[in-house]
Amino acid sequence: MCIRDRYMGTSAINLGLRRVTVRVRHHDPVPDAEWWDAPLLRAGARSYIANPVDVVPNEELNAEQIAERVETIQRSLAALEGVSPEVQVELQVMKDKISHLIEHPAPFRVIHGAQPVSLPMYLTKEERKKLRRQKRAEKEQERRDKLKLGLIQQPPPKLKMSNFMHILGTEAIGDPSKLEAEVKKNMAERLKAHLERNAQRSLTKEQRAEKLMRKLKRDSSVECRVAVFRIERLTDRAIRFKVDKNAQQLALNGVCLISNPNSGLGFPSMVVVEGGPKAIKFYKRLLLRRIKWEGEKPANADGEAKEQEKTKVCNLVWEGALKDHSFTKWKVVEIRSEIEVKRALTERSVEHYWDLVLNYKPPAL
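The residue numbers shown here count from 1 along each chain, following its written sequence. Local features in a predicted model are, by the rule used here, given only for residues with pLDDT of at least 70; side-chain atom pairs are given and counted only at 80 or more, and totals for whole chains, interfaces and linings are based on all residues. Calculation of side-chain values draws on the structure's entire complement of heavy atoms; hydrogens and water are dropped beforehand.

Peer 1: Help me understand the confidence of the model for the chain in this model?
Peer 2: Parts of the prediction with low pLDDT should not have their coordinates interpreted in detail. Scored between 0 and 100, pLDDT is the confidence that the predictor attaches to each residue. Overall, the predicted model of the chain reaches an average pLDDT of 80, with 78% of residues at or above 70. Helix and strand definitions follow DSSP, with helices as H or I runs of at least four residues and strands as E runs of at least two, each counted in order from the N terminus. Mean pLDDT per element in the chain: helix α1 (residues 3–15) is the minimum at 46, and helix α3 (residues 125–149) is the maximum at 96. Taken as a whole, residues 83–88 scores under 50 in pLDDT and shows four contacts with residues more than four places along the chain or in a different chain. Between two residues, a contact is recorded if the distance between any of their heavy atoms is within 4.5 Å.

Have a look at this one:
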């Protein structure tokens, strides 16, 4: 042992450390037979030769054993390569399966006449604006060229109350009241045509609802977000309707567990919603800001009422993203015991939400 190792070993002992030896992993040894030659070997054979060389490190052999091993390997290689036919080595290879034929893999099926697949190219916002300006300029230039060649007629001037005197000139001086009536009539016709074009392009009530639902479902398929709310009191029918109806209109999945304060359970109500980021953002704003929870007055004694008024009625307990949806629909359930709560949540494997709601402490106002 050198002085450095002796010093390091003494230091490690003094410090109470343990010496760790790192084992270096070597490459896998060369197999006795490759896997692609397995069909050519006899049944049960694991090597090309009958008596393969034992896998023993050279460091554990003496000089005679190493020489014998080298001689055995040379004889086996000579027999396999056909260099020395006089060397007799028992092979495990079935030569009757070897021929001059070559096995080619099955070619891929090529579909002729198929169109090449091209990836779409997405433009930036500035590039889209530039392309739109160029198309509009080309369309306007084409219209001007047709006017110069006489292919189309010049459209009538767009008369307004602010420019008809300038456009008509001397004609307006003769009977300005008549021209003013015609200008107002033309303006009304243009406005009517504009409103009709907008009405034709506008969607019906059913189409708007379908479009909104399609956008919400597409947003929910990209990312599934979850929000868990704790509501101290949920007895007002108007607020119940808002909580239920908005969840249905936003295509949210989840459950609303309503606790009856008169039953004596003392449990808060709970709302769990799943959906896309936009729908969850709107629903959070509804429960935390838009709904006036001051109308939810507790029907208890005055002392307990004053204590409950010091805390916020609706609170966001947890919000996050999940890999997949836990609920498939939205429903409202009135709970009568804690067993019903856990049964409703255990069906969807989200019983831990109830523990979060119970352990949550509402902030003081």
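So much for the structure itself; the text now carries on.
Peer 1: Just checking my understanding: could you explain the sheet that holds strand β1 (residues 224–231) for this structure?
Peer 2: In a beta sheet, neighbouring strands are held together by backbone hydrogen bonds and run either parallel or antiparallel to one another. By the convention used here, strands pair only if DSSP detects at least 2 bridges between them. Spatial strand order, β4-β1-β3-β2-β5: five strands in an open sheet with mixed pairing. Each having just a single partner strand, β4 (314–322) and β5 (330–335) make up the two edges of the open sheet. On average, each strand axis in the sheet is tilted by 15° relative to the strand beside it, whichever way the strands run. Two strands pair when backbone bridges link them, and strand β2 (residues 253–259) and strand β3 (residues 269–275) are joined in this way by five bridges, in the antiparallel orientation. Paired with Cys 256 across the strands is Val 271, a residue of β3. All axes here are fitted lines through C-alpha atoms, helices being fitted over the stretch that makes contact, and every angle between N-to-C directions spans 0 to 180 degrees. Those strands touched by helix α11 (residues 338–346) are β2, β3 and β5, and its axis lies near 180° from that of β2.

Peer 1: Please explain the pattern of salt bridges as it appears in this structure.
Peer 2: Should the charged atoms of two oppositely charged side chains come close, the side chains can pair. Whenever Lys or Arg places a side-chain nitrogen within 4 Å of a carboxyl oxygen from Asp or Glu, that contact is recorded as a salt bridge. Across all of its chains, the model carries 10 salt bridges by this definition. Where Glu 140 meets Arg 143, a salt bridge forms, and the shortest distance between an N and an O atom there is 2.7 Å. Here Glu 140 pairs with Arg 143, and both are found in helix α3, just three residues apart, close to one helical turn. Exposure classes here rest on a 1.4 Å probe applied to the protein chains alone. A residue is buried below 20% of its type maximum, exposed above 50%, and partly exposed in between. Relative accessible area serves as the criterion here: at 28%, Glu 140 is assigned to the partly exposed category. Residue Arg 143 is classed as partly exposed on the basis of its relative accessible area, which comes to 34%. Between Glu 232 and Arg 230 there is a salt bridge; the shortest N-O distance is 2.7 Å. In this structure Arg 230 comes out as buried when scored by relative accessible area, which is 10%. In the salt-bridge network here, residues are joined through shared partners; they are Glu 223, Arg 225, Lys 284 and Glu 319.

Peer 1: Honestly, the pairing of β1 in this entry has me stumped. Any pointers?
Peer 2: Both faces of the sheet carry side chains from a regular strand, because those side chains alternate between them. Within β1, seven of the eight residues are buried, which leaves the element mostly enclosed by the surrounding structure. When β1 meets β4, the two strands line up antiparallel, connected through eight bridges. Bridging from a neighbouring strand, Val 226 pairs with Gly 320 of β4. When β1 meets β3, the two strands line up antiparallel, connected through seven bridges. Along β3, the bridge assignment pairs Ile 231 with Ser 269.

Peer 1: How should helix α8 (residues 237–249) be read in this particular structure?
Peer 2: Think of an α-helix as 3.6 residues a turn; residues three or four steps apart then line up on the same face. Helix length check: α8 (13 residues) gives 18 Å between terminal C-alpha atoms against 18 Å at 1.5 Å per residue, within 8%. Turning to α8, its buried residues number three or more, namely Ile 239, Val 243, Asn 246 and Ala 247. Seen along its axis, α8 keeps its buried residues to an arc of 105°; they face one direction. Away from its buried face by more than 90 degrees, α8 exposes Arg 237 and Phe 241. Buried residues in α8 make contact with β2, β3, α9 (277–290) and β5. Backbone nitrogen of Ala 238 and a side-chain oxygen of the N-cap are separated by 3.1 Å at the start of α8; the cap is Asp 236. At the exit of α8 stands Ala 251, carrying a positive phi of roughly 55°. Here the expected span of a helix is defined as 1.5 Å times the quantity of residues minus one. As used here, the arc is the angular range of directions from the helix axis to the C-beta atoms. Polar contact is defined as a pair of N or O atoms within 3.5 Å, subject to the rule that within protein one atom must be able to donate a hydrogen and the other to accept it, and that residues adjacent in sequence are counted only when both atoms are side-chain atoms.

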